[in-house]
Amino acid sequence: MIAITTSRYPTQKTKALCKYFKNIINFAELFTRGSTKLSKIVKYCKDHKYKSLIVLHEYKGNPNGMLIKYFELNIEIYFRMIKMV
């Protein structure tokens, strides 16, 4: 399974992008983060046998980055998004 979450208080654009990822990725689960620390979400994902965690970042209300953490191989990948329409 794959967990998808956002920055602490996402805008509507970031929420829409999360829903889009959830719809195209099989076995993905969307977590609303709120004020929860990212370390608690990572611990939850490890305890419940998630394979990956995707965190969508934003800057000035626009999604600008995506962090993918793959737990089995302990790999982190960061993608920077430019000019999202």
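Above: the structure in question.
Residues numbered from 1 in each chain as written. Predicted model: local features only at pLDDT ≥ 70, side-chain atom pairs only at ≥ 80, totals over all residues. Heavy atoms only, no water.

### What to know about the side chain of Ser 7
In this structure, Ser 7 sits in the loop between β1 (2-6) and α1 (12-24). Discounting residues that sit within four places of it in the chain, Ser 7 has contacts with Arg 33, Leu 56 and Glu 58. (Helix = DSSP H or I, 4+ residues; strand = E, 2+ residues; numbered from the N terminus. Contact = heavy atoms within 4.5 Å.)

### Description of the sheet that holds strand β2 (residues 28-30)
Spatial strand order, β2-β1-β3-β4-β5: five strands in an open sheet with mixed pairing. The open sheet has two edge strands with one neighbour each: β2 and β5 (75-80). Averaged over neighbouring strand pairs, the angle between their axes works out to 20 degrees when direction is ignored. In the sheet, β1 pairs with strand β3 (residues 52-59) via five bridges, with the strands oriented parallel. Across the sheet, the residue bridging to Ile 4 is Ile 54, located in β3. Across the face of the sheet, α1 comes into contact with β1, β2, β3 and β4 (62-70) while running at roughly 170 degrees to β1. Of the strands in this sheet, β1 and β3 touch helix α2 (residues 38-47), which is tilted by about 160 degrees from β3. (Pairing = 2+ DSSP bridges. Axes fitted to C-alpha atoms, helices over the stretch in contact; angles between N-to-C directions.)

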